[in-house]
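Secondary and tertiary structure notes
Listed here are the chains, written in short residue letters.
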Amino acid sequence: MAVREVQSGRVGGHPEKLLTPEEAARRLGLPAEGIEELILQGKLPSFRLAGNLLRFRLRDVETLRLDRQKRRLRRPSLFERIYDFFYFNNFYLIAFLILLTLVAIIFTL
């Protein structure tokens, strides 16, 4: 993986390492469109060199990668699991209630 260095932006006496969009996408495991989306959402800081060259700080990309990894490993809370259950199964629950209501009506006649 090629890492670019910019002499003007120094961090702690060392040249700051910059990544191209392709390198950042590779490190994050995303397609180029995913990188653009992260920029638009403000989750990945970026800047332009010489007007057109889009670059990312290595530390920003690595911070985002670690945050995404932690979020994937986090176990959803009980509330989130219950919410997801009803969100993904609402059609079946409503259909069951309608069917149950129809059966109750038929047996009461």
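As a convention, each chain's residues are numbered from 1 in the sequence order in which they are written. With the structure being a predicted model, the display of local features is reserved for residues of pLDDT at least 70 and the display and counting of side-chain atom pairs for 80 or more, all residues being used for whole-chain, interface and lining totals. Hydrogens and water are ignored here; the side-chain numbers use all heavy atoms of the structure.

1. Let's talk about the layout of surface pockets
Both site types are read off a 1 Å grid over the protein atoms alone. A 1.4 Å probe that fits but cannot get out defines a cavity, while an open set with protein on both sides within 12 Å along at least five of seven lines defines a pocket; lining residues have an atom within 4 Å of a point. Grid points are joined across faces, edges and corners, and a volume is the space filled by probe spheres set on the points. Reported here for the largest pocket is a volume of approximately 160 Å³. If you trace the largest pocket, you find it lined by Pro 21, Glu 22, Ala 32, Ile 35, Glu 36, Ile 39, Ser 46, Arg 48 and Leu 54. Sorting the residues of the lining of the largest pocket by element identifies α1 (21-28) and α2 (32-41) as the ones contributing at least two each. Runs of H or I in DSSP of at least four residues are treated as helices and runs of E of at least two as strands, each being numbered from the N terminus.

2. What to know about the side chain of Arg 55
For Arg 55, the position within the fold is in strand β4 (residues 53-57). For the buried Arg 55, no salt bridge is present, and the opposite-charge side chain at shortest range is Glu 22, 6.1 Å distant. By the convention used here, residues are in contact when the closest approach between their heavy atoms is within 4.5 Å. Filtering out sequence-adjacent residues up to four positions away, Arg 55 remains in contact with Leu 18, Leu 19, Thr 20, Pro 21, Ser 46, Phe 47 and Leu 49. Buried, partly exposed and exposed residues are distinguished by accessible area as a fraction of the type maximum, computed with a 1.4 Å probe on protein chains only: under 20%, between the cut-offs, and over 50%, respectively. By the counting rule applied here, Lys and Arg register as positive and Asp and Glu as negative, while His and the ends of each chain are not counted. By definition here, a salt bridge exists when the distance from a side-chain nitrogen of Lys or Arg to a carboxyl oxygen of Asp or Glu is within 4 Å.

3. Some details on the nonpolar core
To form a nonpolar core, buried Ala, Val, Leu, Ile, Met, Phe, Trp, Tyr and Cys residues must be joined to one another through side-chain atoms within 4.5 Å. The biggest cluster of nonpolar side chains holds 12 residues, and these are Leu 19, Ala 24, Ala 25, Leu 28, Ile 35, Leu 38, Leu 44, Leu 54, Phe 56, Leu 58, Val 61 and Leu 64. Those elements that provide at least two residues to this core are α1, α2, β4 and α3 (58-73).

4. Notes on the packing of aromatic side chains
In this analysis, rings of Phe, Tyr and Trp, with Trp reduced to its six-membered ring, are considered paired at centre separations within 6.5 Å, and the interplanar angle assigns stacked below 30 degrees, edge-to-face beyond 60, and tilted for intermediate values. The full count for this structure, using the stated rule, is five aromatic pairs. When the centroid spacing of 6.1 Å and the interplanar angle of 15 degrees are considered together, the rings of Tyr 83 and Tyr 87 count as stacked. Pair noted here: Tyr 83 and Tyr 87 are both in helix α4 (residues 78-108), with a separation of four residues, about one helical turn. Under the relative-accessibility criterion, Tyr 87 is labelled exposed at 52%. Centre to centre, the rings of Phe 85 and Phe 86 are 5.3 Å apart; their planes meet at 80 degrees, and the pair counts as edge-to-face. Residue classification places Phe 85 among the partly exposed positions, given a relative accessible area of 43%. Members of the aromatic cluster, each reached through a chain of ring pairs, are Phe 79, Tyr 83, Tyr 87 and Phe 88.

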